[in-house]
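Structural overview
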Amino acid sequence: SQKIEQNSEALNIQEGKTATLTCNYTNYSPAYLQWYRQDPGRGPVFLLLIRENEKEKRKERLKVTFDTTLKQSLFHITASQPADSATYLCALDKGGGADGLTFGKGTHLIIQP
Amino acid sequence: EAGVAQSPRYKIIEKRQSVAFWCNPISGHATLYWYQQILGQGPKLLIQFQNNGVVDDSQLPKDRFSAERLKGVDSTLKIQPAKLEDSAVYLCASTLRDSLSQAFFGQGTRLTVV
């Protein structure tokens, strides 16, 4: 069956360091992968989209990689700040012509000052 | 630009009662989605509309859940009768065209079934 796994439910990182979050998937052939940020009591907020033919994408302090052979995406936040503390969700297109998103459970990132 | 509006923000009902949620997407967005997010989980797609037609409702429990999008704008999601396991946050999202476009989410409606 199709599965999306995000590493560890919680990740503690010291301020200023690079946070790396992992998203692994099985039994999918996604055309693209997206990353969202979700704060408590709020809806997810779009961060980045990377297509299957793209290896890497950057936006300010954010970087996403997409390895379709390993079936894995890595999400990096460089020079992390306490304000980056949130839950980060990866999402894949459903495929098969329907384009709704399938989300992982998310990784709760805590940046400690 | 106004965001996706949802109401109510919170709702508490007893099991077997009915409840309805409302969503107003961003103006001009053709695609609207309803997601269910159970505590500690990622959002799960319930139904997708393209304008006022249903594109995907494969994960909608149709014996108790229904949704409509009249005139291709606002949408309502209804649960009747509610079960305890329906307790969750119900999120509405919209995209300009499809999910290759950035998805904008509302704040959600937190439903508690007691």
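As shown above, the structure is provided for reference.
Below or above, wherever it landed, is the structure these notes cover. No experiment lies behind these values; they were computed from the predicted model shown.

1. Quick look at the overall build of chain B
- Each helix and strand counted, chain B has 0 helices and 11 strands in total.
- Reading chain B from its N terminus to its C terminus gives the helix and strand order β-β-β-β-β-β-β-β-β-β-β.
- Its C-alpha radius of gyration of 13 Å places chain B within 12% of the 13 Å reference for a compact globule of 114 residues.
- Across its three principal directions, the C-alpha atoms of chain B cover 35 × 25 × 25 Å.
- Residue burial in chain B is summarised as follows: out of 114 residues, 46% are buried.
- A fraction of 53% describes how many contacts in chain B between residues 6 or more apart in sequence connect residues 24 or more apart.
- Of the accessible surface of chain B, which amounts to about 5,600 Å², a share of 51% is contributed by carbon and sulfur atoms.
- For chain B, the separation between the mean place of its 13 positive charges and that of its 10 negative charges on side chains is 4 Å.

2. Section: unusual backbone geometry
- Put simply, Ser-7 of chain B and Pro-8 of chain B share a cis peptide bond, and its omega is -5°.
- Assignment of secondary structure puts Pro-8 of chain B in the loop between β1 (5-7) and β2 (10-13).
- Even without being glycine, Asn-27 of chain A reaches a positive phi, approximately 60°.
- Mapped onto the secondary structure, Asn-27 of chain A falls in the loop between β3 (19-26) and β4 (32-38).
- The residue Lys-71 of chain B is not glycine, and still its phi comes out positive at about 60°.
- Inspection of the secondary structure assignment puts Lys-71 of chain B in the loop between β7 (65-68) and β8 (75-79).
- With relative accessibility at 79%, the residue Lys-71 of chain B sits in the exposed group.

3. Quick word on the pattern of salt bridges
- Following the criterion strictly, the structure yields 6 salt bridges over all chains and no others.
- The partner of Arg-61 of chain A in a salt bridge is Asp-84 of chain A, with the nearest N and O atoms 2.9 Å apart. Of this pair, Arg-61 of chain A sits in the loop between β6 (56-59) and β7 (62-67) while Asp-84 of chain A sits in the loop between β8 (72-77) and β9 (86-95), and the two are 23 residues apart along the sequence.
- Overall, the relative accessible area of 27% leaves Arg-61 of chain A in the partly exposed class.
- With its nearest N and O atoms 3.7 Å apart, the salt bridge here joins Asp-57 of chain B to Lys-62 of chain B.

4. So, the state of the cysteines
All names here are of chain B.
- Scanning the entire structure with this criterion turns up 2 disulfides over all chains.
- Here Cys-23 connects covalently by a disulfide to Cys-92, the sulfurs 1.9 Å from one another. The sign of the -70° torsion about the S-S bond sets the Cys-23-Cys-92 disulfide as left-handed. Pair noted here: Cys-23 is in strand β3 (residues 19-24) and Cys-92 is in strand β9 (residues 88-95), with a separation of 69 residues, a long-range link.
- For Cys-23, a relative accessible area of 0% gives the class buried.
- Judged by its relative accessible area of 0%, Cys-92 falls in the buried class.

5. Thoughts on the sheet that holds β1 of chain B
All names here are of chain B.
- Judged by pairing direction, the sheet is antiparallel, and its 4 strands sit side by side in the order β1-β3-β8-β7 without closing on themselves. Two strands close off the open sheet at either side, each with one partner strand: β1 and β7. Recorded for the sheet is a direction-independent mean angle of 15° between the axes of neighbouring strands.
- Across 3 bridges, β1 lies against β3 in antiparallel orientation. From the neighbouring strand, Ala-5 faces β3, where its bridge partner is Asn-24.

Rules used throughout
- Sequence order as written defines residue numbering, which begins from 1 separately in each chain.
- Written order decides the labels, with chains lettered from A and ligands numbered from 1.
- Only residues with pLDDT of at least 70 get local features here, since the model is predicted, and only at 80 or more are side-chain atom pairs given and counted; chain-wide, interface and lining totals rely on the full set of residues.
- Excluded from the side-chain calculation are hydrogens and water; included are all heavy atoms of the structure.
- Here a strand is any run of E in DSSP of at least two residues, a helix any run of H or I of at least four, and the numbering for each starts at the N terminus.
- Note that the radius of gyration is over C-alpha atoms, with the globule rule given as 2.2 Å times the number of residues to the power 0.38.
- With a 1.4 Å probe rolled over the protein chains alone, any residue whose accessible area is under 20% of its type maximum counts as buried; one over 50% counts as exposed, and the rest are partly exposed.
- Whether two residues touch is decided by their heavy atoms; if any such pair falls within 4.5 Å, the residues are in contact.
- Residue-level accessible areas treat just the shown protein chains as cover; the underlying method is Shrake-Rupley with a 1.4 Å probe.
- Under the counting rule used here, the positive set is Lys and Arg, the negative set is Asp and Glu, and His together with the chain ends is not counted.
- To locate a charge, take atom NZ for lysine, CZ for arginine, CG for aspartate or CD for glutamate.
- A carboxyl oxygen of Asp or Glu within 4 Å of a side-chain nitrogen of Lys or Arg is what we treat as a salt bridge.
- Pairs of cysteine sulfur atoms within 2.5 Å are what we label disulfides.
- At least two DSSP bridges between two strands are needed for those strands to be called paired.
- For helices, the fitted axis covers only the stretch in contact; all axes are lines through C-alpha atoms, and the angles between them, taken along N-to-C directions, range from 0 to 180 degrees.

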